[in-house]
Amino acid sequence: MTSRKRKIQNTTFPAISFDKILLFHKARKEKGISAFECSFLLGKHDFFIRDAENPFKSTLIDPEDSVHLGKVLSLTECNPETSNFDLYKLEVEEIKIDRKKTKRIIIIKNDGANPDPIEMIVEDKEGELETTLFLSSYENVQLFFRELIANGYFDSTRTALEIFNTFRNHHEFGTNFHPRFLIQNIRYFLNKKSGEPIFDNRRTNLFSRRIFFKPLDFEIESKSGAVSESFIAIGINTFQQASQWVSDLDYRRNQNKDNKLVLFEEQCGTCSTKHAILKRLADENRNNSLKLILGIFTMNSKNTPSIKNVLNKYDLKYIPEAHNYLRNHNHILDFTGIGVNETKFELDLLEEIDISPDQITDFKVQYHKDYLSRWIEINKIPYTLDELWEIREECIAALAQN
Amino acid sequence: MKKVILISSISLYIINIIRKIRTHLGINTRDIQKILGLDPDGNILGAIESNSNSARYHDQHLNKLALAFTTKSFELGYKVTYTLNDFYPPIDFEERMVEKIIVKIDPKELGQTGTLYLLLVEESDTFFDGWHTSKEIAQYCGSKAEKNWEAKDFTSIIDQAIKKEILIRKSEEEALFKRP
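These figures come from a predicted structure and were not determined experimentally.

### A few points about the overall build of chain B
Alright, step 1. In terms of regular secondary structure, chain B is built from 7 helices and 4 strands.
Alright, step 2. Sequence-ordered secondary structure for chain B, helices as α and strands as β, is β-α-α-α-α-β-α-α-α-β-β.
Alright, step 3. Here chain B has a C-alpha radius of gyration of 17 Å; the compact-globule value for 180 residues is 16 Å, and the two agree.
Alright, step 4. Referenced to the eigenvectors of the C-alpha coordinate spread, the extents of chain B come out at roughly 55 × 40 × 35 Å.
Alright, step 5. Within chain B, the fraction of its 180 residues that count as buried is 31%.
Alright, step 6. In chain B, the share of contacts with a sequence separation of at least 24, taken over all contacts with a separation of at least 6, comes to 65%.

Have a look at this one:
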């Protein structure tokens, strides 16, 4: 007889959340989708579902994740029946089955609750469950991935669920498609060591879900224009290299913003000159997807802590500020090099328009001032445009000091 | 200086559906505080149903509300059993960030209890600043809800409103009612 390590502990857990976890656990087990696969499709960290299923962890499945999981697991409803308990008193026995596997037996100890033991196996990351769903094959899934990549599907950012749904909607895979090889292929297209690192997964969306996309890149052709020639002259041959070089340049105002090669001459730039040069580079190389954007956003003490005192002094919650950046398909690219988080920035955007690189000077200032005039009027701000512009300059100075 | 509050479309859906159901059942801020086991003088509903606050419900709230709404629904004779699924959007609902805009409830969507509660409490309709008979109240509520209601439809509802101290009766002799 083998000896097994047993450990019994007591804990409490919000009853409705526990019932919900059981509902999802049952559904994913029936479909043979592992905790890791569920977490991956949810766009959260690898052990999110494993943590949620652990009564000793505080991870809960919130309404957004509930609906998302409902989609992943093709459920019609994503909630259990109501519970008459606020908290469950749980007795949890953990049994080590082997070196890698642990079984958890949970008994709800509240009077009147169903006393039947609930068994759960704690899954390791790479563990695969038996499934009746359609797995297809790793190779066939990869073929369709290559088709999607070639068709520009990944030029836009995609969540894992969006990709999964694209496969489920394809006649070859269908609604019963299992995500195993899909996930394995995404990891292949991310892997720098043993795969083809085509995708970028460094970003999350506004719901903290991991997103995947093929970063914009192209070869710079030397004869396509003055900007291209200047990049080639300093040994930069691709858009990716150019954007990194721009981002690494010092953040400083330029003397002559009208000079389209000013970055090369002054070795510094701001959001406008830095992004204008990249837009010009894209135009010269016949890339049509990259857009130069003029956005107005709420500059406040949260996204720009160094202006807190200035805003307090003038009793303002925020000032609408102008910012230039790039947009490629559905996502923002910011190479200002001051650590702008593109996802968070999008939340603070008030409005945006496409502009051409020669509109980063007078047009930008006029557009910004027109916006501020409307903002002063609509919000009954107790300052004139000139006064507000001065306050804004004070904010920029405070920002520069930092 | 209006600051737009962004919230997930799912959380906003839940907030607005709860608002609709609780109005239909005549459940006010104080009731919600009690249901959720919070300080009776607090106002979580004020925060959740505010366009300028990012507060939202979580599942523990929703479970308590579902139980309480079910009890109230049976008391009022509607006999609806609520679960969290009644508060959640359908599974295919799109997840996106949206401006937090709390819906204005149309009395046409409500029954007698909901309409009286909406006009009396939520909208502070000035009609209830003066004394009125139950017939006048029925006619006024009916005109807003585009329904043909009579005084007898409101007898027990007015009694309930008096018990909840959202309506007062002029005297034992005079069956006239107004907002306290």
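From this point, the discussion proceeds with the structure in view.
### As for the overall build of chain A
Alright, step 1. Looking only at helices and strands, one finds 15 helices and 13 strands in chain A.
Alright, step 2. Against the compact-globule benchmark of 21 Å for 402 residues, chain A has a radius of gyration of 27 Å, which places it well outside the compact range.
Alright, step 3. With the principal axes as the frame, chain A shows a C-alpha extent of 80 × 55 × 40 Å.
Alright, step 4. Expressed as a percentage of its 402 residues, the buried residues of chain A come to 33%.
Alright, step 5. Once local pairs closer than 6 in sequence are excluded, the contacts in chain A between residues at least 24 apart make up 63%.

### With respect to the interface of chain A and chain B
How big an interface is tends to be stated in terms of the accessible area lost upon association of its parts.
Alright, step 1. With 25 residues of chain A in contact, the opposing surface of chain B contributes 23 residues.
Alright, step 2. When contributions to the side of chain A that touches chain B are tallied by element, the ones reaching two or more residues are α1 (15-31) and α4 (63-72) of chain A.
Alright, step 3. Counting residues per element, the side of chain A that touches chain B draws most heavily on α4(A), at 6 residues.
Alright, step 4. Class assignment for the residues of the side of chain A that touches chain B results in 10 nonpolar, 8 polar and 7 charged.

### Topic: the domain arrangement of chain A
Alright, step 1. With domains assigned, chain A is organised as domain 1 (6-122), domain 2 (138-213) and domain 3 (222-401).
Alright, step 2. On a C-alpha basis, the centroid separation for the pair domain 1 of chain A and domain 3 of chain A is 47 Å.

### Things to note about the sheet that holds strand β4 (residues 118-122) of chain A
All names here are of chain A.
Alright, step 1. Spatially, 4 strands are ordered β1-β2-β3-β4 in an open sheet, and the strand pairing comes out antiparallel. The open sheet has two edge strands with one neighbour each: β1 (6-14) and β4. Each neighbouring strand pair of the sheet contributes to a mean axis angle of 25 degrees, computed without reference to strand direction.
Alright, step 2. The sheet contact formed by β1 and strand β2 (residues 87-96) spans 9 bridges and is antiparallel. Note on β2: the bridge partner recorded for Lys7 is Glu94.
Alright, step 3. This element, α1, spans β1, β2 and β4 of the sheet and lies at about 115 degrees to β1.

### Quick look at unusual backbone geometry
All names here are of chain A.
Alright, step 1. If you check the backbone angles, Ser208 has positive phi at about 60 degrees while not being a glycine.
Alright, step 2. Mapping Ser208 onto the fold places it in the loop between β6 (200-204) and β7 (210-213).
Alright, step 3. Of note, Asp315 is a non-glycine position whose phi angle comes to about 55 degrees, a positive value.
Alright, step 4. Tracing the sequence through the fold places Asp315 in the loop between α12 (308-313) and β11 (318-328).

### Some words on the domain arrangement of chain B
Residues and elements named next belong to chain B.
Alright, step 1. When cut into domains, chain B gives domain 1 (6-99) and domain 2 (107-178).
Alright, step 2. Inter-centroid distance (C-alpha atoms) of domain 1 to domain 2 is 24 Å.
Alright, step 3. Listed per partner, the contact involves 6 residues of domain 1 and 8 residues of domain 2.
Alright, step 4. Grouping the amino acids of the side of domain 1 that touches domain 2 by side-chain chemistry returns 2 nonpolar, 4 polar and no charged.

### Regarding the nonpolar core
All names here are of chain A.
Alright, step 1. Membership of the largest hydrophobic core comes to 62 residues, with the highest contact counts inside it found for Cys38, Leu41, Leu69, Ala160, Phe164, Leu182 and Phe212.
Alright, step 2. Filtering out sequence-adjacent residues up to four positions away, Phe164 remains in contact with Leu41, Pro179 and Leu182.
Alright, step 3. With 34 residues, the next largest nonpolar core counts Phe239, Ile277, Leu311 and Leu316 among its residues.

### Here's the deal with helix α7 (residues 180-188) of chain A
Alright, step 1. Residues of α7(A) that are buried include every one of A:Arg180, A:Phe181, A:Leu182, A:Ile183, A:Asn185 and A:Ile186, and no others.
Alright, step 2. Against the buried residues of α7(A) lie α2 (35-42), α5 (138-150), α6 (160-168) and β7 of chain A.

### Quick look at the sheet that holds strand β5 (residues 158-159) of chain A
Residue and element names in this part refer to chain A.
Alright, step 1. Read across the sheet, 3 strands follow the order β5-β7-β6 without closing on themselves; strand pairing throughout is antiparallel. Only two strands of the sheet have a single neighbouring strand rather than two, namely β5 and β6.
Alright, step 2. Pairing between β6 and β7: 3 bridges, direction antiparallel. In the strand pairing of β7, Arg203 is matched with Ile211.

### A word on the environment of A:Asn300
All names here are of chain A.
Alright, step 1. Within the secondary structure, Asn300 is located in strand β10 (residues 290-300).
Alright, step 2. Put simply, Asn300 and His178 are 122 residues apart on the chain and 45 Å apart in space, counted from C-alpha to C-alpha.
Alright, step 3. For Asn300, the contacting residues outside a window of four places in its chain are Lys317 and Tyr318.

### Quick notes on the confidence of the model for chain B
Alright, step 1. Overall, the predicted model of chain B reaches an average pLDDT of 94, with 98% of residues at or above 70.
Alright, step 2. At the level of chain-chain contacts, confidence expressed as ipTM amounts to 0.90, with global pTM at 0.90.

### Description of the environment of A:Glu37
Alright, step 1. Mapped onto the fold, A:Glu37 is located in helix α2.
Alright, step 2. For A:Glu37, a count of 28 C-beta atoms within 10 Å gives the class buried.

### Details of the packing of helix α8 (residues 226-233) of chain A against helix α11 (residues 271-284) of chain A
Residues and elements named next belong to chain A.
Alright, step 1. Direction vectors running N to C along α8 and α11 enclose 105 degrees, while the axes themselves pass 8 Å from each other. Considered as vectors, α8 and α11 are oriented roughly perpendicular to each other. Counted together, Val227, Ser228 and Phe231 of α8 and Ile277, Arg280, Leu281 and Glu284 of α11 form the full contact between these two elements.
Alright, step 2. For the contact of α8 with α11, the class distribution of residues is 4 nonpolar, 1 polar and 2 charged.

### With respect to helix α5 (residues 112-122) of chain B
All names here are of chain B.
Alright, step 1. When you tally the buried positions in α5, you get 10 out of 11 residues, the bulk of the element.
Alright, step 2. All of the buried residues along α5 are Gln112, Thr113, Gly114, Thr115, Leu116, Tyr117, Leu118, Leu119, Leu120 and Val121.
Alright, step 3. Where α5 is buried, its residues touch α1 (9-24), α6 (134-145) and α7 (155-163).
Alright, step 4. Phi for Ser124, located one or two positions after α5, is positive at around 45 degrees.

Rules and cut-offs
Residues numbered from 1 in each chain as written. Chains lettered and ligands numbered in written order. Predicted model: local features only at pLDDT ≥ 70, side-chain atom pairs only at ≥ 80, totals over all residues. Helix = DSSP H or I, 4+ residues; strand = E, 2+ residues; numbered from the N terminus. Rg over C-alpha atoms; globule rule 2.2 N^0.38 Å. Buried ≥ 20, exposed ≤ 12 C-beta atoms within 10 Å, placed from the backbone. Contact = placed C-beta atoms within 7 Å. Nonpolar A, V, L, I, M, F, W, Y, C, P; charged D, E, K, R; others polar. Domains from an automatic or database assignment. Pairing = 2+ DSSP bridges. Axes fitted to C-alpha atoms, helices over the stretch in contact; angles between N-to-C directions. Core = buried A, V, L, I, M, F, W, Y, C linked by C-beta atoms within 7 Å. pLDDT = per-residue confidence, 0-100. Parallel < 35°, antiparallel > 145°, perpendicular 65-115°, else oblique.

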